[in-house]
Amino acid sequence: MPLDIPNLKIIEKNNRINQVLTKNLIPGESVYGEKLIKFNKMEYRVWDPKRSKLSAAIFKGLHTLNLKRDSTILYLGAATGTTVSHLSDIVDKGIIFAIEFSPFVLYNLVLLAEKRKNILPILADANKPDEYYNIALASDLIFQDVAQPNQVEIFVKNARLFLRPEGEALLSVKSRSIDVSLKPGKVFHKVNKELSKYFKEIKQYNLEPFEKDHALFYCKGLKY
Ligand SMILES: C[S@@+](CC[C@H](N)C(=O)[O-])C[C@H]1O[C@@H](n2cnc3c(N)ncnc32)[C@H](O)[C@@H]1O
C-alpha cells in the first residue's frame, strides 16, 4: 500500500506509482518550476523524484510515515527548500525547523519562509546542535540530507536531542560523501550496521534510478 499521509496524493498507473503530489499551501505558486495540477478544485504540486530524495524514496516503496497536519519536523541540510516546501504542504498546521549552514543558500530559504509561515529557517551547523537547542522543538520527524563524512554521527546526535520517543527519522546517504573508494552497496551496509546500534527499526531504500549511489534509511525506536 502506498504512503497515506495528509495533503499527499499518489497517482498509480498499472499498479505502479506514476506521480506523487502535495496539496499546494500557496495556490498559484510553484517553488522550483514544478508543475501545478488541479484535482477536485484543489491545486497540487508535482513532487519530482529527481529533485527530492524523499519523493524518490516514496517511488521506491517508502510507505510508513506518521506525519500529521500539525507535526513538528527538524530538517537538517535544508538547502533552498525543494523538499522542505513539499513537507510544508503536508504539515500545513505544523512547523519545520530548517537547518542550513550556508548563508548564501539560506537566503532563498528565507524568501520561501516569508510566504510559507510553517518554515523556520535557521543558519546553523547540524554537527553542532547546541547552536539551535534553544530554538528547535521535540520533533515527530527528523530528516537529514547533509552529505558529510560523519553523517551518521550528526544524525544520532540530533535524534538524541530532538526526536520524540515515538518519532521517525530519515537519513539520506550519498555513498561517495562517506567513502569514494568503496562500492555504494558496501557503504550502505556499513551505514545500516552503524544505525542498528542506535535504532530498533531500520528500513533501507535504494534511490536509483532517481539518484545515483544514494540510499535513504528509515529509522524508528531510538535506543536510549
Ligand atoms: C544535498 S543538499 C540538500 C538538498 C535538500 N535536502 C533538498 O532535498 O531540497 C545538502 C545541503 O546540506 C547543507 N549542509 C551540509 N553540511 C551541513 C551541516 N553540517 N549543517 C547544515 N547544513 C549542511 C549544504 O549546504 C547543502 O545545502
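In what follows, the structure referred to is the one given above.
In every chain, residue numbers begin from 1 and rise along the written sequence. Reporting in this predicted model follows two pLDDT cut-offs: at least 70 for local features of residues, and 80 or more for side-chain atom pairs to be given and counted; totals over whole chains, interfaces and linings ignore these cut-offs and use all residues. Side-chain measures here rest on the full set of heavy atoms in the structure, leaving out hydrogens and waters.

A. Molecular detail of the overall build of the protein. For the purposes of this entry, the term helix denotes a DSSP run of H or I that reaches at least four residues, the term strand denotes a run of E that reaches at least two, and both are numbered from the N terminus. Within the protein one finds six helices and 11 strands. Radius of gyration: over C-alpha atoms. The globule rule applied is 2.2 Å multiplied by the number of residues raised to the 0.38 power. Against the compact-globule benchmark of 17 Å for 224 residues, the protein has a radius of gyration of 17 Å, which places it among compact chains. Based on the C-alpha atoms only, the size of the protein along its principal axes is roughly 45 × 45 × 35 Å. The contact definition used throughout considers only heavy atoms, calling two residues in contact when any of these lie within 4.5 Å. Contacts in the protein between residues far apart in sequence, at least 24 positions, make up 57% of those at least 6 positions apart. Values of accessible area rely on a 1.4 Å probe in the Shrake-Rupley scheme; residue burial ignores everything except the protein chains shown. For the protein, the accessible surface area stands at approximately 11,100 Å², while carbon and sulfur atoms represent 51% of it. Across the protein, the centroid of the 34 positively charged side chains sits 4 Å from that of the 25 negatively charged ones. By the counting scheme adopted, Arg and Lys are positive, Glu and Asp are negative, and His together with the chain ends is not counted. Just so you know, the charge point we use is NZ for Lys, CZ for Arg, CG for Asp and CD for Glu.

B. Local environment of the sheet that holds strand β8 (residues 139-144). In this scheme, strands are said to pair when DSSP sees at least two bridges between them. Read from one edge of the open sheet, seven strands run β7-β6-β5-β8-β9-β11-β10, paired in mixed fashion. Where the open sheet ends on each side, the last strands, each with one partner, are β7 (119-123) and β10 (199-206). Each strand of the sheet is rotated relative to its neighbour by a mean of 15°, with strand direction disregarded. As paired elements, β10 and strand β11 (residues 214-222) share seven bridges and run antiparallel to each other. Inter-axis angles, ranging from 0 to 180 degrees, are taken between N-to-C directions of lines fitted to C-alpha atoms, where helices are fitted over the stretch in contact.

C. A look at the sheet that holds strand β4 (residues 42-46). Pairing in this open sheet of four strands is antiparallel, and the strands run β1-β2-β4-β3 from one edge to the other. Edge positions in the sheet fall to β1 (8-13) and β3 (36-39), since each has one partner strand and no second. Taken over all neighbouring pairs, the strand axes of this sheet differ in orientation by 40° on average, direction set aside. Sheet analysis places β1 next to strand β2 (residues 16-23), joined by six bridges and oriented antiparallel. Paired with I10 across the bridge in β2 is V20.

D. A look at the site of the ligand. Residues in close proximity to the ligand total 15 residues, the closest being Y75, T83, E100, D125 and Q148. Between N or O atoms, a polar contact is any pair within 3.5 Å; within protein, one atom must be a potential hydrogen donor and the other a potential acceptor, and residues adjacent in sequence are included only when both atoms are from side chains. Within the side chain of D125, one N or O atom sits 2.8 Å away from a nitrogen atom of the ligand. One nitrogen or oxygen atom from the side chain of Q148 is found 2.8 Å from a nitrogen atom belonging to the ligand. Alone, the ligand offers 610 Å² of accessible surface; in the complex the protein occludes 83% of this. Residue classes follow a fixed rule: Ala, Val, Leu, Ile, Met, Phe, Trp, Tyr, Cys and Pro count as nonpolar, while Asp, Glu, Lys and Arg count as charged, and any other residue, Gly among them, counts as polar. Here the residues of the shell around the ligand are counted per class, giving six nonpolar, five polar and four charged. Definition of nearness: a residue and a molecule or strand are near each other if at least one heavy atom of the residue lies within 4 Å of the molecule or strand.

E. Structural context of helix α3 (residues 103-115). Taking 1.5 Å of rise per residue, 13 residues should cover 18 Å, and α3 covers 19 Å from first to last C-alpha, within 8% of that figure. Partly exposed residues are those whose accessible area sits between 20% and 50% of the maximum for their type, while under 20% is buried and over 50% is exposed, using a 1.4 Å probe and protein chains only. Among the residues of α3, those classed as buried are L106, L109, L112 and A113. End-on view of α3: buried residues confined to an arc of 110°, all on one side of the axis. For α3, exposure combined with an orientation more than 90 degrees from the buried face picks out F104, Y107 and E114. Those residues of α3 that are buried lie in contact with α2 (82-90), β6 (95-100) and β7. Expected helix span is computed as 1.5 Å times (number of residues minus one). Read the arc as the range of directions from the helix axis to the C-beta atoms.

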